[in-house]
Amino acid sequence: MGRYRPPRKRGSKYITPEGEAALREEVHQLWKVERPQVTSAVHEAAKNGDRSENGDYIYGKRRLREIDSRVRFLNKRLDELEVVDRPPTDTSKVRFGAWVTLEDEQGEEKRWRIVGPDEFNLREYKLSMDSPMARALLGKAIDDEVVVASPSGEQVYYVTGIDYST
């Protein structure tokens with residue numbers, strides 16, 4: 001069995017200003033804080049002689065490759081992203097950046113924000129606009145029914161609120 005993996009489909013190119021700031025902060029943290037510390041640790045480990053059996057040296061070099069790879073990816077991604085910093089002209093429909101309040105068939109309400117794939121976080125109730133749930137929500141208005149296919153069957157929700165405040 002080979003190690004080949006087909007390239008992933010690129011995510012949407014949209015991001016909120018908060019998401020862009022978080023990615024830029026991650027680049028800064030990796031490049032200006034963590035990488036110099038790891039470089040220093042690798043330098044010290046290299047002084048200890050035989051590098052082939054030096055765990056600190058081997059781990060440090062591996063970590064430097066991981067940091068460099070992540071920084072390269074983030075810089076390329078930041079160059080192609082488009083920051084959406086204002087609400088759409090028609091705020092009565094669900095679009096990128098909206099906070100959407102949904103009610104399920106049991107009457108339970110949840111509030112989700114539609115964001116870019118680089119900033120989604122289910123714990124913070126942020127859905128990637130590429131997810132099946134968000135794709136079903138895009139373009140809907142208040143009181144519209146939303147049907148989402150899930151592994152446990154179709155789930156039905158009703159849009160009860162749309163808000164574009166951050």
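The rules behind each value
- Residues numbered from 1 in each chain as written.
- Predicted model: local features only at pLDDT ≥ 70, side-chain atom pairs only at ≥ 80, totals over all residues.
- Heavy atoms only, no water.
- Pairing = 2+ DSSP bridges.
- Helix = DSSP H or I, 4+ residues; strand = E, 2+ residues; numbered from the N terminus.
- Axes fitted to C-alpha atoms, helices over the stretch in contact; angles between N-to-C directions.
- Core = buried A, V, L, I, M, F, W, Y, C linked by side-chain atoms within 4.5 Å.
- Buried < 20%, exposed > 50% of the residue type's maximum accessible area, 1.4 Å probe, protein only.
- Contact = heavy atoms within 4.5 Å.
- Parallel < 35°, antiparallel > 145°, perpendicular 65-115°, else oblique.
- Left-handed = near helix turned anticlockwise from the far one by under 90°.
- Nonpolar A, V, L, I, M, F, W, Y, C, P; charged D, E, K, R; others polar.

Trainee: I keep staring at the pairing of strand 4 (residues 109-115) and nothing clicks. Help me out?
Mentor: In terms of strand pairing, strand 3 (residues 99-104) meets strand 4 through 5 bridges, oriented antiparallel. Bridge pairing links T101 to R111 in strand 4.

Trainee: I tried to follow the sheet that holds strand 5 (residues 126-128) on my own but got confused; where do I start?
Mentor: Strands belonging to one sheet form pairs held by backbone hydrogen bonds; the direction of such a pair is parallel or antiparallel. Reading across from one edge, 5-4-3-7-6 is the order of the 5 strands in this open sheet, with mixed pairing throughout. Only two strands of the sheet have a single partner each, and these edge strands are strand 5 and strand 6 (145-150). Taken over all neighbouring pairs, the strand axes of this sheet differ in orientation by 45° on average, direction set aside. As paired strands, strand 4 and strand 5 are joined by 3 bridges and run parallel to one another. Opposite V115, over in strand 5, you have S128 as the bridge partner.

Trainee: Teacher, can you tell me more about the nonpolar core here?
Mentor: Proteins that are soluble and globular tend to have nonpolar side chains buried together. Counting residues in hydrophobic clusters, the biggest one holds 19 residues, and the most contacted among them are V100, L102, I114, M133 and L137. Of all elements in the fold, only strand 3, strand 4, helix 3 (132-137), strand 6 and strand 7 (153-163) reach the threshold of two or more residues within this core. The leading source of residues in this core is helix 3, at 4 residues. Contact partners of L137, with chain neighbours within four places excluded, come to V94, V100, L102, I114, L127, V146 and V159.

Trainee: Please explain the packing of helix 1 (residues 17-46) against helix 2 (residues 55-80) as it appears in this structure.
Mentor: If you want to describe how two helices pack, look at the angle between their axes and the distance between the axes. Running from N to C, helix 1 and helix 2 point in directions that differ by 155°, and their axes come no closer than 9 Å. The orientation of helix 1 relative to helix 2 falls into the category roughly antiparallel. Crossing handedness for the pair helix 1 and helix 2: left-handed. Tallied by class, residues from the contact of helix 1 with helix 2 come to 14 nonpolar, 3 polar and 10 charged.

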